[in-house]
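Inside the fold
Residues per chain are reported as follows:
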Amino acid sequence: MANEKPVSVGIIGLGRAGWGIHVATITQPVVAKKFRIVAVSDLIGARMDEAKAAFGCRTYANMDDLLADKEVELVVVATFNNLHVPHSIAALKAGKHVLCEKPMATSLADADRAIQAAKESGKILTYDHQMRFEPAHCKVVEVIQSGKLGEIILMHLSQHMFRRRWDWQTLKQVGGGEMNNNGTHLVDEALQFLGEDVTPKVTSDLRRTPNCAGDADDHVKINLMAPGKPTIDVEVSNSMAMGAPHYQVFGTYGALVGDMDKLTWRFINPASLDERLPDPNPTPDRSYNRYDLPWQEESWSAGNADQSGYVPLYLSLYETLRHGAPLAITPESVRRNIAVLEECRRQSALYSA
Ligand SMILES: NC(=O)c1ccc[n+]([C@@H]2O[C@H](COP(=O)([O-])OP(=O)(O)OC[C@H]3O[C@@H](n4cnc5c(N)ncnc54)[C@H](O)[C@@H]3O)[C@@H](O)[C@H]2O)c1
């Protein structure tokens, strides 16, 4: 009989992600039936006390003690970006499954070390790339696959913000920067849209603007191109005072535009158009050709539903851990993401110096 016990979780790092995402998700009723927080570790005692008061879990000032806790089956790594690989490898070596925050690694060599450690341990290593499960992302995939927009030729994926920031996410020494922070989410989406076996040509522009402190990038432009695939522009910036929507998808018969809460797409049905053959003569009425296009428009709204992909990501991971379902977010699929980020750093004066 299948093991239906809740998965015992140990969380390392109780900050914005560890507390605000992982604790918040695991405590949602549908997830709480399947996962249980049994241990936490943080450098800040008050954060552990808060968890202990809420869940009666064990607290460990030293992460290694959490890894030695026999009850912990799954370790959530929600620490600084430069610690993801060492913390994931330590957890795997301790015989734990790992759900690690993004970015997977701050270098491709480190990503490979994590993959190797997962192979040697025989444990599950996966990543919080929740965009793959977000309802809006899934709807965009569905509309593209419906063929209504024709062949997709261009996509803009944007996270345009205008804000000041000065925390560790602005510092290179801990793997900060907007590319590692939000860029990796949009690159992950782009790679999903391009398809599994595609290795795109990468062109990029990483900058620092006056709006963020630190020394890492805070304005990111990445262009991905592959033969026979849409060109994809990824833009993540803290200096876009008037921003574009998250999704702009352009196909030969229509386009889709929208954000995580609402998407709209308009398209024509090519079968309904009269044929037009090329005419080498001047137009009789000096017009630029006129054709009343029979536009159709559809839309989707998340309504009051959860717009994030965290709950489905956890439920999918439970199926893998308890019922042997294929892992949804494999380390190999995330390695492609890290390869793109590494190439962007290679092209950037900010990182090559
Ligand atoms: N998937 C997402 O959408 C998403 C959203 C936010 C953050 N993140 C990721 O989550 C990670 C954490 O980011 P954050 O914003 O929560 O940072 P944060 O600063 O709010 O939290 C990090 C926590 O880790 C703790 N910590 C650091 N080193 C530790 C160690 N050795 N042992 C135990 N605890 C340690 C810190 O004390 C802090 O409480 C980052 O990698 C970030 O990229 C992901």
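The preceding data block contains the structure.
Anyway, here's the lowdown on the structure attached to this text. These figures come from a predicted structure and were not determined experimentally.

What to know about the pairing of strand β13 (residues 262-267)
Across the two faces of β13 the burial differs, with L263, W265 and F267 buried and K262, T264 and R266 not buried at all. Taking the residues between adjacent antiparallel strands as the criterion, strand β12 (residues 254-258) and β13 are bridged by three residues.

Observations regarding the site of the ligand
Surveying the vicinity of the ligand reveals 27 residues, the closest of which are R16, A17, D42, R47 and N81. Classifying every residue of the shell around the ligand by side-chain character gives eleven nonpolar, ten polar and six charged. Residues lining the shell around the ligand come from more than one domain, with at least three contributed by each of domain 1 (7-128) and domain 2 (132-307 + 338-352).

Structural notes on the environment of A117
Tracing the chain through its elements places A117 in helix α6 (residues 108-121). Sequence spacing of A117 and A90 is 27 residues, and the spatial spacing of their C-alpha atoms is 8.9 Å. Once you skip the residues sitting within four places of it in the chain, A117 turns out to touch I89 and L92.

Points about helix α1 (residues 18-26)
Those residues of α1 that fall on the buried side of the exposure criterion are G18, I21, H22, V23, T25 and I26. Down the axis of α1, the buried side of the element spans an arc of 165°, and every buried residue falls inside it.

Some points on the packing of α6 against helix α10 (residues 331-347)
Following both chains from N to C, one finds α6 and α10 inclined at 170°, their axes separated by 9 Å at the closest point. As far as their axial angle goes, α10 and α6 are roughly antiparallel. Of the residues in α10, those in contact with L108, A111, D112, I115 and K119 of α6 are P331, E332, R335, I338, A339 and E342. Residues of the contact of α6 with α10, tallied by class, amount to six nonpolar, no polar and five charged.

Each value, and the rule that gives it
By convention here, each chain's residues receive numbers from 1 onward along its written sequence. Per-residue local features of the predicted model are confined to residues with pLDDT of at least 70, and side-chain atom pairs are confined, for both listing and counting, to 80 or more; whole-chain, interface and lining totals are unaffected and use all residues. To get the side-chain values, all heavy atoms of the structure are used, and hydrogens and water are removed first. The buried label goes to any residue with under 20% of its type's maximum accessible area, the exposed label to any with over 50%, and the partly exposed label to all in between, with areas taken from a 1.4 Å probe on protein chains only. By definition, any uninterrupted DSSP run of H or I lasting at least four residues is a helix, any uninterrupted run of E lasting at least two residues is a strand, and each is numbered from the N terminus. Paired strands are those between which DSSP finds at least two bridges. When we say a residue is near a molecule or strand, we mean one of its heavy atoms is within 4 Å of it. Each residue is assigned to one of three groups, with Ala, Val, Leu, Ile, Met, Phe, Trp, Tyr, Cys and Pro labelled nonpolar, Asp, Glu, Lys and Arg labelled charged, and all others, Gly among them, labelled polar. Residue ranges labeled as domains rest on an automatic or database domain assignment. Throughout, a residue-residue contact means that at least one pair of heavy atoms, one from each residue, lies within 4.5 Å. Along the arc lie the directions from the helix axis toward the C-beta atoms. Comment: axis = line fitted to C-alpha atoms, over the contacting stretch for helices; angle = value between 0 and 180 degrees taken between N-to-C directions. Any angle that is under 35 degrees is reported as roughly parallel, and any over 145 degrees as roughly antiparallel; angles of 65 to 115 degrees are reported as roughly perpendicular and all others as oblique.

In short, geometric facts, not functional conclusions.
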